[in-house]
Amino acid sequence: MTSIKGFFRGRTSIQPIWVFVIALFIFFSLMSEYFLSFGNVTNILVQTSTIGLIALGMTLVMINGNIDLSVGAILGLAASLAVGLQEISMTLAILAALGSGILLGAINGLIVWKTGVNAFIVTLGAMLGIRGLIFLYTGEQSFYALNFAFSDFGTSTIGPFPVLAVIFLTCTLIMHLVLTRTGHGRNTFAVGGNPEASIDAGIRLGRHMMINFIIVGFFAALAGVMLASQMGAATPNLGRDYELWVITAVVLGGTKLTGGYGSIVGTLGGVLAIGILRNGMNLMQVPAFYVLVILGAILISVLIIDKKLNAPSTKEVRI
Amino acid sequence: MASAEQSKSSLPKGKLSKAGVMSFLSAQGILIFFLLGMFVFSLFSEQFLSQSNIMTVVRQASIIGIIAVGVTVVIIGGNLDLSVGSMLSFSTVLVVDLHDKIGPTNAILMMFALTLMIGAVNGILIGFLRLNSLIVTLAMLSAIQGFVLIYSGGQNVDIADQEGTWFAFFGRGYLGGIAVPILLFGLLAILVQVVMSYTGYGRRIFAVGGNPMAAVYSGIRKNWCVFSTYLISAFCVACAALVLGSRVMGSQNNVGQGYELLVLAGIILGGTSLLGGAGSIWKTVVGVLILGFIQNGLLLMGYPYYIQWIVTWVIIILAVWLDLANKRKSLFTTHS
């Protein structure tokens, strides 16, 4: 028991969202006979892996007190590169896709660091601009993967577990350890909690933020490659609105927009809540657009509950 | 910031004079840029500065412009509104769909009432319950889009008799030789600018956005002020929906998707700070027009439409950067 406690040590506490995830899980298990099966549960993990991976990186950026709106566009560019460059070489295509994510994340981070412009504005611009780059590269065409090894990868399994789910859960574990057990993770909370004090404490603020933007860029690109391999294709509009889903998941997970507070465990809960809700309502044959309304309602209720439960912190003085 | 203060004294002289030039450029920056851009575009395309082209651009920009007027007020009050895109879809689908069912007058009244009601929900959640505006309007963005799809059942709507209805006036009509959308945009911009600069109400919004605590201690009813900004924003969206629905005479379910970000881009380009307490409608009008002229100019020069997004990316960051550099008297931040 102590070892489990030790695993969740530090700033991680069990988020209320997990209560909700478990309640949803039980609800849909009772409502639909198809929900509670090994195949469906792994299916949920595969479906959420795209949003989930980006949410891991976004958690770090948001704990920093920043935000990244360009992840959907980075995902789209990486997917197009991964499929479009396959004619030359598969390895090159995937390396280029992941490299583009790292590069664009670095550009975002460098601009935030050097110019001091608010990350919201920097990444809002990037979101438009990178979408332009996708259209420029693809010439407004969709690409189809001719190499079957690529699309097979998206459906392959390790033992009984789908590869995509395994990748997602492994990355979640790694990011949890990075956030709770490393100096970088500690600095992430420090920077979000009080940027000026963290500079005085000797943290290289700009570099630190840039690393987190690179991490989220990398995860967005990885998610793009994985999504493209699932579909065996890439369209120029792929990933539109993903930034909204990702931010919703992270906020559901209890990460504060003001920075300095959040956890990967919470984010995983937020991602699973969205995934279970979408999957379960599909199985109950509810039209997909009801999910949008319910998700909005949940997000607002989480905010209200959070407001009632937590005494207002000193950071957001509101009267 | 402490580090910024230090850099002021430790800067070598050469850099300071550079900053002097910078400060002039950025004080007039956006206007200079605007004129420079117009000049360049007019070199490459003869039609660019023609009266009909300018009118076309302003007319195209008027929908984003009308929404931006309302969102600027919300931002001056210290909040954000991301739900305007979905709200535009909602209002447009509603007014077009109801037009054939209950007649144009009732449809318009109904649309305004329901749009204002959504604005009121935003306002109650953010003004009175004091929730974070970014997340609330993000949640509303998704919820309203869901409502639109439920309402329309995923079908596109359109008006059957497009020639015989006076509803066409708002999007296609002319009054004194000027297109009605432009008139509506101009009228709203002037009205809101006058309210913001010359009335007590406007001053209170600025006060609330600048320093909420000080505003409350000065006896301003902050909650009501925030609440009212969302009503203004919703009203502007309803006006934009009127123009859009009447121009297209039909509507897709997601017609307003992405508008919230274009609107924000225009506002930021104009130079209104997202922190609240500062800004003006004029700036927003200039910002929205710049977006429109970039789009039009690049198209006339023969570039595909998506090039404007890349150009907008660069310009938005440059505009805000120059403004910041001017305030801190150095081009780059000093922390490592």
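Everything here concerns the structure above.
Our subject in this report is the structure included herewith. Values in this document were obtained by computation on a predicted structure and should not be read as measured data.

Points about the overall build of chain A
Then step 1. Within chain A, the secondary structure is distributed over 14 helices and four strands.
Then step 2. Against the 2.2 N^0.38 benchmark of 20 Å for 319 residues, chain A shows a C-alpha radius of gyration of 20 Å, consistent with a compact globule.
Then step 3. The principal-axis extent of the C-alpha atoms belonging to chain A is close to 55 × 55 × 40 Å.
Then step 4. Here the contacts in chain A between residues at least 6 apart in sequence split such that 80% fall between residues at least 24 apart.
Then step 5. Computing the positive centroid from 16 side-chain charges and the negative centroid from 11, chain A places the two 14 Å apart.

What to know about the overall build of chain B
Then step 1. The helix and strand tally for chain B stands at 15 helices and four strands.
Then step 2. In terms of C-alpha radius of gyration, chain B reaches 21 Å, essentially the compact-globule figure of 20 Å for 336 residues.
Then step 3. Within chain B, buried positions represent 55% of all 336 residues.
Then step 4. The contacts in chain B between residues at least 6 apart in sequence include a share of 78% that link residues at least 24 apart.
Then step 5. With an accessible surface of roughly 14,600 Å², chain B has 67% of that area assigned to carbon and sulfur atoms.

Quick word on the packing of aromatic side chains
Then step 1. Counted under the stated rule, the structure contains 22 aromatic pairs over all chains.
Then step 2. Centre to centre, the rings of Phe48 of chain B and Phe293 of chain B are 5.7 Å apart; their planes meet at 70°, and the pair counts as edge-to-face. Of the two residues, Phe48 of chain B is situated in the loop between α3 (29-44) and α4 (51-76) and Phe293 of chain B in helix α14 (residues 281-300); the sequence distance between them amounts to 245 residues.
Then step 3. Assessed through its relative accessible area of 0%, Phe48 of chain B is described here as buried.
Then step 4. A ring pair is formed by Phe167 of chain B and Phe170 of chain B, whose centres lie 6.2 Å apart and whose planes are at 65°; its orientation type is edge-to-face.
Then step 5. In this structure Phe170 of chain B comes out as buried when scored by relative accessible area, which is 16%.
Then step 6. Members of the aromatic cluster, each reached through a chain of ring pairs, are Phe25, Phe27, Phe28 and Phe35 of chain A.
Then step 7. The cationic tip of Arg278 of chain A hangs over the ring face of Trp245 of chain A; the distance from NZ or CZ to the ring centre is 4.0 Å.

What about the interface of chain A and chain B?
Then step 1. Across the boundary between the two partners, chain A contributes 52 residues, which contact 52 residues of chain B.
Then step 2. Here chain A meets chain B over a buried area of about 4,800 Å², counting both sides, of which 78% is carbon and sulfur.
Then step 3. Connecting chain A to chain B are zero salt bridges.
Then step 4. Applying the counting criterion to the chain A and chain B interface returns nine residue pairs in polar contact (both at pLDDT 80 or more).

Examining the side chain of Asn253 of chain B
Residues and elements named next belong to chain B.
Then step 1. Turning to its location among the elements, Asn253 is positioned in the loop between β4 (250-251) and α13 (259-270).
Then step 2. A polar side-chain atom of Asn253 sits 3.2 Å from the main-chain carbonyl oxygen of Gly154.
Then step 3. In this structure, Asn253 is in contact with Ser89, Val93, Gln145, Val148, Leu149, Ser152, Gly154, Gln155 and Asn156, ignoring residues within four places of it in sequence.

Details of the side chain of Thr115 of chain B
Residue and element names in this part refer to chain B.
Then step 1. For Thr115, the position within the fold is in helix α6 (residues 104-128).
Then step 2. In this structure the side chain of Thr115 is engaged in a polar contact, spanning 2.6 Å, whose partner is the backbone oxygen of Met111.
Then step 3. The residues touching Thr115, leaving out its near neighbours within four places in the chain, are Met87, Ser91, Ala234, Val237 and Ala238.

Focus on the environment of Val74 of chain B
All names here are of chain B.
Then step 1. The residue Val74 is located in helix α4 in this model.
Then step 2. Between the C-alpha atom of Val74 and that of Val248, which follows or precedes it by 174 residues, the distance is 28 Å.
Then step 3. Contact partners of Val74, with chain neighbours within four places excluded, come to Asn79, Leu80, Asp81, Thr229, Tyr230 and Ser233.

So, helix α7 (residues 133-152) of chain B
All names here are of chain B.
Then step 1. Across its 20 residues, α7 extends 28 Å between first and last C-alpha, which sits within 8% of the 28 Å expected from 1.5 Å per residue.
Then step 2. α7 sits mainly inside the fold: 17 of its 20 residues count as buried.
Then step 3. In this structure Asn132 caps α7, since a side-chain oxygen of it lies 2.8 Å from the backbone nitrogen of Leu134.

A short note on a nonpolar patch on the surface
Then step 1. Together, Met55, Phe169, Leu175, Ile178 and Leu183 of chain B make up a nonpolar patch on the protein surface, roughly 380 Å² of accessible area in all.
Then step 2. For Ile178 of chain B, a relative accessible area of 30% corresponds to the partly exposed category.

Structural notes on the pattern of salt bridges
Residues and elements named next belong to chain B.
Then step 1. In this structure the tally under the stated criterion is two salt bridges over all chains.
Then step 2. A salt bridge links Asp97 to Lys101; the nearest nitrogen and oxygen atoms lie 2.8 Å apart. Here Asp97 pairs with Lys101, and both are found in helix α5 (residues 84-102), just four residues apart, close to one helical turn.
Then step 3. With a closest N to O distance of 3.4 Å, Lys327 and Asp323 form a salt bridge.

So, unusual backbone geometry
Then step 1. One non-glycine residue, Glu140 of chain A, lies in the positive phi region at around 65°.
Then step 2. Relative to the elements of secondary structure, Glu140 of chain A occurs in the loop between α6 (119-138) and β1 (143-144).
Then step 3. Judged by relative accessible area, Glu140 of chain A falls into the partly exposed class, the value being 40%.
Then step 4. Notably, Arg130 of chain B is not glycine yet its phi reads approximately 55°, a positive angle.
Then step 5. Relative to the elements of secondary structure, Arg130 of chain B occurs in the loop between α6 and α7.

Here we look at the nonpolar core
Then step 1. By size, the foremost hydrophobic cluster in this structure holds 207 residues, and its most contacted members are Leu53 of chain A together with Ile67 and Leu88 of chain B.
Then step 2. Beyond its immediate chain neighbours, meaning those up to four positions away, Leu53 of chain A contacts Phe168, Cys171, Phe219, Leu222, Ala223 and Met226 of chain A.

Description of the environment of Ile26 of chain A
Then step 1. Looking at the secondary structure, you find Ile26 of chain A in helix α2 (residues 16-31).
Then step 2. What makes Ile26 of chain A partly exposed here is its relative accessible area of 48%.

Topic: the state of the cysteines
Then step 1. The full count for this structure, using the stated rule, is zero disulfides over all chains.
Then step 2. Free cysteine Cys236 of chain B: the closest other cysteine sulfur is in Cys239 of chain B, separated by 6.1 Å.

Focus: helix α12 (residues 222-248) of chain B
Structurally, the α-helix is built with 3.6 residues per turn, so residues lying three or four positions apart point the same way.
All names here are of chain B.
Then step 1. In this model, α12 (27 residues) spans 39 Å end to end at C-alpha, consistent with the 39 Å of a helix rising 1.5 Å per residue.
Then step 2. Of all the 27 residues making up α12, 21 are buried; the element is thus mostly covered by neighbouring parts of the structure.
Then step 3. Once α12 finishes, Met249 follows within two positions and takes phi at roughly 60°, a positive value.

Here's the deal with the packing of α4 of chain B against α14 of chain B
Residues and elements named next belong to chain B.
Then step 1. The N-to-C vectors of α4 and α14 enclose an angle of 145°; their axes lie 8 Å apart at closest approach. Regarding α4 and α14, the two cross each other, and that crossing is right-handed. Along its contact with α4, which presents Asn53, Ile54, Val57, Val58, Ala61, Ile64, Gly65, Ala68, Val69, Thr72 and Val73, the element α14 presents Ile281, Thr284, Val288, Leu289, Gly292, Phe293, Asn296 and Leu300.

The rules behind the values
Think of each chain on its own: its residues are numbered from 1, step by step along the sequence as written. Note on labels: chains are lettered from A, ligands numbered from 1, in written order. Local features in this predicted model are restricted to residues whose pLDDT is 70 or higher, and side-chain atom pairs enter the listing and the counts only when it is 80 or higher, whereas totals over whole chains, interfaces and linings include all residues. To get the side-chain values, take all heavy atoms of the structure and skip hydrogens and water. Numbering of helices and strands runs from the N terminus; a helix is a DSSP stretch of H or I covering at least four residues, while a strand is a stretch of E covering at least two. The globule rule is 2.2 Å times the number of residues to the power 0.38, and the radius of gyration it is compared with is taken over C-alpha atoms. Every residue pair with non-hydrogen atoms within 4.5 Å of one another is taken to be in contact. For this count, His and the chain ends are skipped, Lys and Arg are scored as positive, and Asp and Glu as negative. For charged residues, the charge sits on one atom: NZ in Lys, CZ in Arg, CG in Asp, CD in Glu. A 1.4 Å probe rolled over the protein chains alone gives each residue an accessible area, and that area as a share of the maximum for its type sets the label: buried under 20%, exposed over 50%, partly exposed in between. All accessibility values rest on the Shrake-Rupley procedure with a 1.4 Å probe; residue burial counts only the protein chains present in the view. Classification of ring pairs uses Phe, Tyr and Trp, with its six-membered ring standing for Trp, and accepts pairs whose centres are within 6.5 Å; under 30 degrees between planes counts as stacked, over 60 as edge-to-face, and the remaining range as tilted. In this scheme, Lys NZ or Arg CZ marks a charge over a ring once it lies within 6 Å of the ring centre and within 35 degrees of the ring normal. Buried area is a sum: the accessible area each of two parts loses on coming together, probed at 1.4 Å, counted once for each and added. A pair is scored as a salt bridge if a Lys or Arg side-chain nitrogen falls within 4 Å of a carboxyl oxygen belonging to Asp or Glu. Under the rule applied, a polar contact is a pair of N or O atoms within 3.5 Å (in protein, one hydrogen donor and one hydrogen acceptor; residues adjacent in sequence only if both atoms are side-chain atoms). What a helix is expected to span follows from its residue count: subtract one and scale by 1.5 Å. Here the term patch refers to residues with relative accessible area over 30% and no salt bridge, with like charges joined within 9 Å and nonpolar side chains (Val, Leu, Ile, Met, Phe, Trp, Tyr) within 5 Å. Side-chain atoms within 4.5 Å link the members of a nonpolar core, which is a set of buried Ala, Val, Leu, Ile, Met, Phe, Trp, Tyr and Cys residues. Working definition: a disulfide is two cysteine sulfur atoms within 2.5 Å of each other. Helix axes are fitted to C-alpha atoms over the stretch in contact, other axes to C-alpha atoms as well, and angles between N-to-C directions run from 0 to 180 degrees. Crossing chirality is assigned from the near helix's rotation relative to the far helix, an anticlockwise turn below a right angle marking it left-handed and a clockwise turn marking it right-handed.

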